[in-house]
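Spelled out from the first residue to the last, the chains are:
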Amino acid sequence: MSQLQTTLESQTLRLIPLQAAHWPELMRAASDPLIWVLHPEPERYQPDVFRPVFDSGLASGGAYLICDKQSGEVLGTSRYYDFDAARQEVAIGYTFLVRSRWGGATNTELKHLMLTHAFGFVKVVWFHVGEQNLRSRRAVEKLGALYTHTDITSPTGVARATVFYRLDKTNWLAQQQV
């Protein structure tokens, strides 16, 4: 996974490999209850609920702190996970952004940055989204990812219906040419 976790920069974003010292800043960004309203775990704004997510991000070796490149403001987090070198696949998820960055270009810029980097190492990127999280589902579909199936998963111990989307490198590259 270490090949996937390096500092990444785009026009307005800097993604820094997540470290334990980032807890206070990221918890501050995550503490807005309205961020989590459509999420399968709507209590994630609480430190005791968010802490296991943060810790699993550290343990994953693929998590990032998302920062505004100009101001340094912490905007959220995202991560690579379920990396399978033999199958050349990885998932991108556990993403959240502060509400001030909703509805603009930040999420698209973030995903483009992460996808471009990931496709240097893999041929397939997966997205796993809570079935009722329509905002995230629309965002993933805008990237060109295709629905494959729905399954019951429990990534953080809470069973939920999860929708699986797949994006192939060839489709991604073709989209970038348009």
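Residues numbered from 1 in each chain as written. Predicted model: local features only at pLDDT ≥ 70, side-chain atom pairs only at ≥ 80, totals over all residues. Heavy atoms only, no water.

Student: Mind laying out the pattern of salt bridges, listing which residues take part and the relevant values?
Tutor: In the structure shown here, the tally under the stated rule is eight salt bridges. A salt bridge links Asp 55 to Arg 51, with the shortest nitrogen-to-oxygen separation between them at 3.1 Å. Taken as a pair, Asp 55 and Arg 51 lie in helix 2 (residues 47–60) at a separation of four residues, close to a single helical turn. A network of salt bridges, in which partner residues are shared, links Glu 9, Arg 14 and Lys 69. (Salt bridge = Lys/Arg side-chain N within 4 Å of Asp/Glu carboxyl O. Helix = DSSP H or I, 4+ residues; strand = E, 2+ residues; numbered from the N terminus.)

Student: So, the layout of surface pockets: which residues are in play, and what are the values?
Tutor: To locate leftover empty space, one rolls a probe as large as a water molecule over the atoms. Considered as a void within the structure, the largest pocket measures approximately 1,000 Å³ in volume. What lines the largest pocket is a set of 40 residues, and nearest its centre among them are Thr 95, Lys 111, Asn 133, Arg 135 and Ser 136. Of all the secondary-structure elements, those providing two or more residues to the lining of the largest pocket are helix 2, strand 4 (74–84), strand 5 (89–97), helix 3 (106–118), strand 6 (124–130), helix 4 (134–142) and strand 8 (160–168). Taken together, the residues of the lining of the largest pocket break down into 19 nonpolar, 13 polar and eight charged. (1 Å grid on protein atoms, 1.4 Å probe; cavity = no way out; pocket = protein on both sides within 12 Å on 5 of 7 lines; lining within 4 Å. Points joined across faces, edges and corners; volume = space filled by probe spheres on them. Nonpolar A, V, L, I, M, F, W, Y, C, P; charged D, E, K, R; others polar.)

Student: Account for empty space enclosed by the protein, with residues named and values stated.
Tutor: Taken as a whole, this structure holds one cavity of 30 Å³ or more when the rule is applied. The volume enclosed by the largest cavity comes to roughly 60 Å³. Lining the largest cavity are Leu 18, Leu 26, Phe 50, Val 53, Phe 54, Gly 57, Ala 63, Thr 77, Ser 78, Arg 79 and Tyr 94. Mapped onto the lining of the largest cavity, the elements with two or more residues apiece are helix 2 and strand 4. Sort the elements by how many residues they give to the lining of the largest cavity and helix 2 lands first, with four residues.

Student: Explain the sheet that holds strand 8 residue by residue, including any values.
Tutor: The strands that make up a sheet are held in pairs by hydrogen bonds between backbone atoms, and each pair lies either parallel or antiparallel. One open sheet accounts for eight strands, arranged 1-2-3-4-5-6-8-7; its pairing is mixed. What marks the edges here is a single partner per strand, and that holds for strand 1 (8–9) and strand 7 (146–153). Bridging between strand 2 (residues 13–17) and strand 3 (residues 63–68) involves five bridges; their strand directions are antiparallel. The partner of Arg 14 across the bridge, within strand 3, is Cys 67. Contacts between helix 1 (residues 23–30) and the sheet are confined to strand 3, strand 4 and strand 5, with strand 4 contributing the most and set at about 105° to the helix. (Pairing = 2+ DSSP bridges. Contact = heavy atoms within 4.5 Å. Axes fitted to C-alpha atoms, helices over the stretch in contact; angles between N-to-C directions.)

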